[in-house]
Amino acid sequence: MEQRTLGTTGYRVTEVGLGTWNIGGDWGDVNDEEGREAVRTALDAGIDFLDTADVYGDGKSERNIGTVLDERDAFDDVTVATKAGRRLDPHEPAGYNHENLERFVDRSCENLGVDSLDLLQLHCPPTEVYYQPETFDALDELRASGRVDAYGVSVEKVEEGLKAMEYPGVETVQLVFNPFRQRPADLLFHEAKRRDVGIIVRVPLASGLLTGTIDRDTEFPENDHRNYNREGEAFDVGETFAGVPFEAGLDAVDALRPLVPETMSMAQFTLRWILSFDAVTAVIPGSTSSEHIETNVAAADLPPLSADQHQQVTQVYDDYVREHVHQRW
């Protein structure tokens, strides 16, 4: 699997990483050993980039990653990106200050078993935070102190990513991007390339919709966000099915099926589509299935999609999805 350079961080990371939200919580019941085994499978498959957050299972995801890296003595071989900010209660812009961020960093270091964080990302803060220079001054101070090697942001909206990139210390932007969320491919990707900012793509498979394995009869556990957050009841609805209404998403999936070559799964087709954008550094699908993790990694070595396939994906977006998402995020 090829590596790509993560902005100006100095890190080279595999094109396909592992997102670890689901080994922390909000995706049904996943025990610690299942979570650790997912990380082991990812490393065995060649992945060297892991993404997590301090609120995934209240630190559970970070601790499971730390356990596996420790047992393999692999801290120097793997880049770990974590996130901070969502522990604030209330979750308000004023809370994104040096004192709180330092406290969150210390806790994540302890969870992961490290002295400093490879990459710290603000975790989808309120939009106002991007207009608070003092927040980014605090991040600069944390980096200068050696507690953080590099920092970036995880955003909900294109506007937030564009604003964040105006701060010279921001080296990465993480966002939702897939065939159902295409707006970032315009101005944001252009600006990221111009400024040499790394792009990390989350929710690449639209919470499973773009695997093609979900249908109208699929039922999700009570503690799965695909059950309880369909209307954004718990957090931004863009994190659940990429913000596409469930029925509209299924219609769009049906329209995509004829475009998928027999040699690819729909998930691989989707990941290959994302990786065709050279502004993207890494895509971070999450799974606890060894088979799915290995299949996702294999997508990186599949042939690129044709211009005609890209055009047809855009047509499906225009016909089924654009009205629901394009101007919202």
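Refer to the preceding data block for the structure.
Cut-offs and rules
- Residues numbered from 1 in each chain as written.
- Predicted model: local features only at pLDDT ≥ 70, side-chain atom pairs only at ≥ 80, totals over all residues.
- Heavy atoms only, no water.
- Axes fitted to C-alpha atoms, helices over the stretch in contact; angles between N-to-C directions.
- Helix = DSSP H or I, 4+ residues; strand = E, 2+ residues; numbered from the N terminus.
- Parallel < 35°, antiparallel > 145°, perpendicular 65-115°, else oblique.
- Left-handed = near helix turned anticlockwise from the far one by under 90°.
- Contact = heavy atoms within 4.5 Å.
- Phe/Tyr/Trp six-rings, centres within 6.5 Å; stacked < 30°, edge-to-face > 60°.
- Lys NZ or Arg CZ within 6 Å of the ring centre and 35° of its normal.
- 1 Å grid on protein atoms, 1.4 Å probe; cavity = no way out; pocket = protein on both sides within 12 Å on 5 of 7 lines; lining within 4 Å.
- Points joined across faces, edges and corners; volume = space filled by probe spheres on them.
- Nonpolar A, V, L, I, M, F, W, Y, C, P; charged D, E, K, R; others polar.
- Core = buried A, V, L, I, M, F, W, Y, C linked by side-chain atoms within 4.5 Å.
- Buried < 20%, exposed > 50% of the residue type's maximum accessible area, 1.4 Å probe, protein only.
- Pairing = 2+ DSSP bridges.

A. Structural detail: the packing of helix α3 (residues 98–112) against helix α4 (residues 133–144). Packing of α3 against α4 brings their axes to within 9 Å, and their N-to-C directions diverge by 45 degrees. Judged on the interaxial angle alone, α4 and α3 are oblique. Considering only the axes of α3 and α4, their crossing is right-handed. Between α3 and α4, the contacting residues are H98, L101, E102 and V105 on the first element and T135, A138, L139, E141 and L142 on the second.

B. Broad picture of the packing of aromatic side chains. Using the criterion set out here, one finds twelve aromatic pairs in the structure. Through a chain of ring-to-ring contacts, the aromatic side chains of W21, Y56, Y228 and F235 assemble into a single cluster. The ring of F246 has R230 sitting right over it, with the charged end atom 4.2 Å from the ring centre.

C. Inspection of empty space enclosed by the protein at higher detail. In the structure shown here, the tally under the stated rule is two cavities of 30 Å³ or more. Roughly 90 Å³ of volume is contained in the largest cavity. Of all the elements in the fold, those that place two or more residues in the lining of the largest cavity are β8 (170–176) and α11 (307–325). Residues belonging to the lining of the largest cavity are distributed by class as follows: seven nonpolar, two polar and four charged. Taken as a whole, the second largest cavity spans an internal volume of roughly 40 Å³. What lines the second largest cavity is simply V16, G17, L18, I47, P285, I293, N296 and V297.

D. Representation of the nonpolar core. If you look at the biggest cluster of nonpolar residues, it comprises 94 residues, and the most contacted ones within it are F136, V153, F180, I199 and L209. Each residue touching L209, except ones within four places of it in the same chain, is listed here: F180, I214, F241, F246, G249, L250 and V253. In this structure, L6, Y11, F49 and I200 belong to the second largest nonpolar core, which totals ten residues.

E. Structural context of the sheet that holds β8. Taken in spatial order, the eight strands line up as β3-β4-β5-β6-β7-β8-β9-β10 in an open sheet, and their pairing is parallel. In this open sheet, the two strands that pair with only one neighbour each are β3 (18–19) and β10 (280–283). Across three bridges, the pairing between strand β4 (residues 49–51) and strand β5 (residues 79–84) is parallel. Within β5, the position partnered with L50 by the bridge is V80. With respect to the sheet, helix α9 (residues 266–275) is in contact with β9 (198–202) and β10, its orientation differing from that of β10 by roughly 160 degrees.

Honestly, that's just the spatial picture; any functional story needs more than this.
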